[in-house]
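A look at the structure
Below are the chains, spelled out letter by letter.
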Amino acid sequence: MTADMIDQTMGIEIPPFRPSDHLLGIVQGIIASRVNSRIVLAGQGEIIVLPQAGSYYTNAQNMARFCQAPAARFETSPLGNSALSYPIESARNIKELLWQAAFHVSQGRLPEGCTKYDVVKFRHWPNLTRLPITPNTAQICSLLTRTPTTIMLVRRILELPREEVYQIYSAAYCAGLTSKVQNTPEQAQAETAMTNAPPPATQGLMRSLFAKILGL
């Protein structure tokens, strides 16, 4: 039985992840507090977060491992005036850190508060040359920067694994690159057609219909 069949017949979904359990939640808390801070993971390096400047620095040895570590393993401390010693030219955009933190911890899951029924549009293209991505990230971004679409339907249109779509949505959402929007009548019509799509042999026709309806 395929993942789509399981979704349709049993309603089984992968449990969401909690940002507060990982680096992502720590970074989000620092941004909310607007306090320049150092995050240290013993044996793995550190990340300097400067929320008011919207930037960060890191010497993490393995970013994926850093992001996936349990929150309890991190030591966080305020920087105070020492934040002024970090060179501006080596700073990175803090949204890149949020993308990475969500991307690496997602592992095919959505963050709490998001569902496959969210109608989403990307505000703009992320800078994919500086971010961890999946093989089909560009396709997902292309669709969602042009047309508000439910996450569930993105999978059907692009014929991609659920886990890949969820991972990119998680990263973009946590980086603040997405907007949740309301379904339009045209969108609802197209999604109904795709949700009740016939067997795979004719799904190409249905995708063409979807594209025509939405002006892709």
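In the block above lies the structure referred to throughout.
Residues numbered from 1 in each chain as written. Predicted model: local features only at pLDDT ≥ 70, side-chain atom pairs only at ≥ 80, totals over all residues. Heavy atoms only, no water.

**Thoughts on the packing of helix H5 (residues 137–146) against helix H6 (residues 151–158)**
Operational definition: For helices, the axis comes from a line fit to the C-alpha atoms of the stretch in contact; other axes are also lines fit to C-alpha atoms, and the angle between any two N-to-C directions lies between 0 and 180 degrees. Secondary structure counts use DSSP, requiring at least four H or I residues in a row for a helix and at least two E residues in a row for a strand, with both numbered from the N terminus. Each angle is binned into one of four classes, with values under 35 degrees roughly parallel, values over 145 roughly antiparallel, values of 65 to 115 roughly perpendicular, and all other values oblique. Two helices that cross are described as forming a left-handed crossing if the nearer one is turned anticlockwise from the farther one by less than a right angle, and a right-handed crossing if clockwise. It only takes one pair of heavy atoms within 4.5 Å for two residues to be counted as in contact.
Relative to each other, H5 and H6 sit at 120°, their axes nearing to 11 Å. Relative to H6, the element H5 is oriented oblique. Along this stretch, H5 crosses H6, giving a crossing that reads as right-handed. Contacts between H5 and H6 pair Gln139, Ile140, Leu143 and Leu144 from the former with Val154, Ile157 and Leu158 from the latter.

**Quick look at helix H7 (residues 162–174)**
Applicable threshold: Each helix should span, by expectation, one fewer than its residue count multiplied by 1.5 Å. Buried means the residue's accessible area, taken with a 1.4 Å probe over protein chains only, is under 20% of the maximum for its type, while exposed means over 50%, and partly exposed covers the values in between.
Taking 1.5 Å as the rise per residue, H7 with 13 residues should run 18 Å; its terminal C-alpha atoms sit 18 Å apart, in good agreement. Burial analysis of H7 places 11 of its 13 residues in the buried class, the great majority of the element. Among all positions in H7, only Arg162, Glu164, Val165, Tyr166, Gln167, Ile168, Tyr169, Ser170, Ala171, Ala172 and Cys174 are buried. Where H7 terminates, the next one or two residues include Gly176, which has phi positive at roughly 75°.

**With respect to the pairing of strand E2 (residues 45–50)**
Worth spelling out the cut-off: A strand pair is defined by DSSP finding two or more bridges across the two strands.
Two elements, strand E1 (residues 37–41) and E2, share five bridges in a ladder whose sense is antiparallel. Directly across from Ile39, in E2, lies its bridge partner Ile47. The turn linking E1 back onto E2 is made up of three residues, and Gly43 within it adopts a positive phi angle of 80°. Alignment of E2 against strand E3 (residues 55–58), held across four bridges, turns out to be antiparallel. Bridge pairing in E3 links Val49 to Tyr56. As consecutive antiparallel partners, E2 and E3 are separated by four residues, and within that stretch Gly54 has a phi angle of approximately 65°, a positive value.

**A look at the pairing of E3**
The pairing of E3 with strand E5 (residues 92–93) spans two bridges and is antiparallel. By the bridge assignment, Ser55 is partnered in E5 with Asn93.

**What to know about the sheet that holds strand E4 (residues 74–78)**
Pairing within the open sheet is antiparallel, and its five strands lie in the order E4-E1-E2-E3-E5. Single-partner strands in this sheet number two, and they are E4 and E5. Against the sheet, helix H2 (residues 23–33) touches E1, E2 and E4, its axis set at about 170° to E1.

**Considerations on the packing of H6 against H7**
Two quantities define a packed helix pair, namely the angle between the axes and the distance from one axis to the other. Convention followed: Polarity classes work like this: nonpolar for Ala, Val, Leu, Ile, Met, Phe, Trp, Tyr, Cys and Pro, charged for Asp, Glu, Lys and Arg, and polar for all others, with Gly in that last group.
H7 packs onto H6 with a crossing angle of 130° between their chain directions and a minimal axis gap of 10 Å. As far as their axial angle goes, H7 and H6 are oblique. Crossing of H6 over H7 shows right-handed handedness. Of the residues in H7, those in contact with Ile151, Val154 and Arg155 of H6 are Arg162, Val165, Tyr166 and Tyr169. The residue makeup of the contact of H6 with H7, split by class, is five nonpolar, no polar and two charged.

**Some remarks on the pattern of salt bridges**
Rules: The salt bridge criterion pairs a side-chain nitrogen of Lys or Arg with a carboxyl oxygen of Asp or Glu, the two atoms within 4 Å.
In the structure shown here, the tally under the stated rule is six salt bridges. Close ionic contact of Asp21 with Arg18 constitutes a salt bridge, the shortest N to O distance being 3.1 Å. Judged by relative accessible area, Asp21 falls into the partly exposed class, the value being 30%. The exposure class assigned to Arg18 is partly exposed, which follows from its relative accessible area of 41%. Across the pair Glu96 and Arg130 runs a salt bridge, and its minimum N-O distance is 3.8 Å. One end of the pair, Glu96, is in helix H4 (residues 94–106); the other, Arg130, is in the loop between strand E6 (119–122) and H5, and 34 residues separate them in sequence. Note on Glu96: relative accessible area 11%, which makes it buried. Residue classification places Arg130 among the partly exposed positions, given a relative accessible area of 38%. Residues joined in a network through salt bridges with shared partners are Arg92, Glu96 and Arg130.

**Concerning the nonpolar core**
Our working definition: Buried residues of nine kinds, namely Ala, Val, Leu, Ile, Met, Phe, Trp, Tyr and Cys, make up a nonpolar core once their side-chain atoms join them within 4.5 Å.
Counting residues in hydrophobic clusters, the biggest one holds 49 residues, and the most contacted among them are Leu23, Ile39, Ile47, Phe74, Trp99 and Ile140. Counting residues per element, this core draws most heavily on H4, which supplies eight residues. By size, the runner-up hydrophobic cluster in this structure holds five residues, among which are Ile48, Leu50, Tyr57 and Leu79.

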